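Structural features, examined
So you can see what is in the structure, the chains are spelled out below.
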Amino acid sequence: MNYTQIFNAAPAVEALAPGRVNLLGEHTDYNDGFVLPTAIPQHTTVAIGFSPDDRHHFYSAELEERVDFDPAGASPEGFARYIDGCIRVLAAAGHKIPPLNIFVTSSVPIGSGLSSSAALEVATLRGLRSLLHLPLDDVEIAQLGQQAEIQYAGVSCGILDQMASSLADTDHMLFLDTRTLDRQILPFPPGAEIVVIDSGVARSLATSGYNQRRAECEAAADQLGVKALRDITDPQQAEPLPEPLRQRARHVITENNRVLKALEGITAAAFGKLMNDSHASLRDDYEVSVPALDTLVDILQTTPDVLGARLTGAGFGGACVALVTEGRGEAIAQSTLDQYNRTGNHGHILVS
Ligand code: ADP
Ligand code: MG
């Protein structure tokens with residue numbers, strides 16, 4: 001299925017944006033902290049043309065769903081609100097957006113924690129930038145995408161996903177300070193590549209657990225008298241806090257330190273060790289792992305040529321990311337999956 005088959009015309013522009021995986025820096029972005037994502041090969045493509053009437057017409061090839069609506073009316077439901085949200089935040093910023101035909105197709109798995117939502121927003125905004133010659137840079141695109149997701153999809157997300165989709169590429173890591181938006185494009189640890197495996201466990205508690213962790217971090221920062229946990233670098237300072245705030249703060253503080261350590265040009269083995277430490281911290285201090293993720297990480301961490309592995313994304317299900325010796329990704333992903341699925345799970349390979 002393509003734009004022309006749906007809309008009986010050729011699109012005026014096409015734009016794409018990748019999904020992402022976060023290598024280090026989990027649950028730090030809403031603490032003004034540091035993150036280290038990379039783009040993945042899977043991406044979302046958006047084809048855009050002018051609508052022949054006064055309505056918007058959106059079509060998603062993956063969902064096989066079409067939405068037609070009046071731009072002046074209420075926001076639509078479902079996937080269309082991510083696109084409509086981008087249009088509305090642009091309109092709120094003073095840009096005039098005409099009625100549009102938009103066709104979406106994507107190889108980013110939807111709802112697996114690889115950020116299909118940000119890929120959709122960034123691809124949409126890139127397409128609108130080129131169609132309407134909007135004076136937007138890549139950081140503004142990320143910020144508008146985040147606003148669209150917060151205001152119109154109702155997800156109170158940080159800036160990680162949209163910045164990664166807008167600024168990262170598949171050959172580098174993107175270091176981002178989520179407070180200042182300072183960033184660096186860095187090479188991967190030498191001689192290493194990435195594997196991502198979905199645990200097959202749906203992120204059922206992800207929203208409630210995520211909101212609870214956010215509230216705990218705010219309370220911890222409050223009690224420690226800082227604006228955000230990012231302002232503390234010594235985990236000892238969290239010791240006076242009551243549980244579970246002490247554990248939560250310790251994760252965020254040590255996780256930020258791990259990201260900063262990873263910037264020091266360390267070996268792939270040392271980077272892998274930071275990922276293993278990150279998983280232990282997410283499991284024991286932040287308590288966002290589940291048994292299936294621990295099983296998957298255990299298998300990865302005990303497989304030769306795996307340098308490090310951890311859950312990635314919010315947790316409570318979702319995927320694991322591993323750093324492995326270059327050239328070994330596909331074989332390691334397959335053997336890990338075979339072993340993991342023999343434990344009664346239904347995982348699948350996302351990146352190898
Ligand atoms: P993810 O981890 O993949 O970002 P989210 O729950 O944040 O998961 O976003 C998934 C939502 O984004 C989908 O439910 C859908 O509304 C929208 N979306 C993402 N990709 C597409 C697509 N290709 N077609 C239609 N909607 C999409
Ligand atoms: Mg998302």
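Above: the structure in question.
Quick summary incoming for the structure in this document.

1. Structural notes on helix α5 (residues 160-167)
Counting buried positions along α5 gives seven out of eight residues, so the element sits mostly inside the fold. Among all positions in α5, only L160, D161, Q162, M163, A164, S165 and S166 are buried. Close packing links the buried residues of α5 with β1 (13-24), β2 (34-50), α3 (116-132), α4 (138-152), β6 (172-177) and β7 (183-187).

2. Focus: the side chain of N345
Among the secondary structure elements, N345 is positioned in the loop between α10 (329-341) and β11 (348-351). With a relative accessible area of 18%, N345 lands in the buried category. For N345, the contacting residues outside a window of four places in its chain are S199, A292 and Y340.

3. A few points about the pairing of strand β10 (residues 319-325)
Burial within β10 is extensive, with six of its seven residues counted as buried. In this structure, strand β8 (residues 192-198) lies alongside β10, joined through seven bridges in antiparallel fashion. Paired with I197 across the strands is C320, a residue of β10. Of the strand pairs in this sheet, strand β9 (residues 306-312) and β10 are connected by six bridges, and their pairing is antiparallel. Residue pairing across strands places G308 opposite L323, the latter belonging to β10. Counting the residues between successive antiparallel strands, the hairpin from β9 to β10 contains six residues, one of them, G313, with a positive phi of roughly 90 degrees.

4. Looking at unusual backbone geometry
Following E243, the chain continues into P244 via a peptide bond in cis, with omega recorded as 5 degrees. We note that L181 has phi near 65 degrees; this positive angle belongs to a residue other than glycine. By the secondary structure assignment, L181 is in the loop between β6 and β7. According to the relative accessible area criterion, L181 is buried, its value standing at 15%.

5. A few points about the sheet that holds β8
What the four strands build is an open sheet, ordered β9-β10-β8-β11; its pairing is antiparallel. Edge positions in the sheet fall to β9 and β11, since each of these pairs with one other strand and no more. In this sheet, adjacent strand axes meet at a mean angle of 25 degrees when their direction is disregarded. Running over the sheet, helix α9 (residues 291-301) touches β8, β9 and β10 and is turned about 170 degrees from β9. Contacting β8, β9, β10 and β11, α10 runs over the sheet at an angle of about 30 degrees to β8.

6. Here we look at helix α6 (residues 206-224)
The end-to-end C-alpha distance of α6, which contains 19 residues, comes to 27 Å, matching closely the 27 Å that a straight helix rising 1.5 Å per residue would cover. Within α6 the residues assigned to the buried category are A206, G209, Y210, R213, E216, C217, A220 and A221. For α6, the buried positions fall inside an angular range of 135 degrees around the axis, keeping them on one side. Turned more than 90 degrees away from the buried face of α6 sit T207, E218 and D222, all of them exposed. For α6, the secondary structure elements touched by its buried residues are α7 (245-262). Directly beyond the C-terminal end of α6, a positive phi value near 70 degrees is found at G225.

Rules used throughout
Residues numbered from 1 in each chain as written. Chains lettered and ligands numbered in written order. Predicted model: local features only at pLDDT ≥ 70, side-chain atom pairs only at ≥ 80, totals over all residues. Heavy atoms only, no water. Buried < 20%, exposed > 50% of the residue type's maximum accessible area, 1.4 Å probe, protein only. Helix = DSSP H or I, 4+ residues; strand = E, 2+ residues; numbered from the N terminus. Contact = heavy atoms within 4.5 Å. Pairing = 2+ DSSP bridges. Axes fitted to C-alpha atoms, helices over the stretch in contact; angles between N-to-C directions. Expected span 1.5 Å × (residues − 1). Arc of directions from axis to C-beta.

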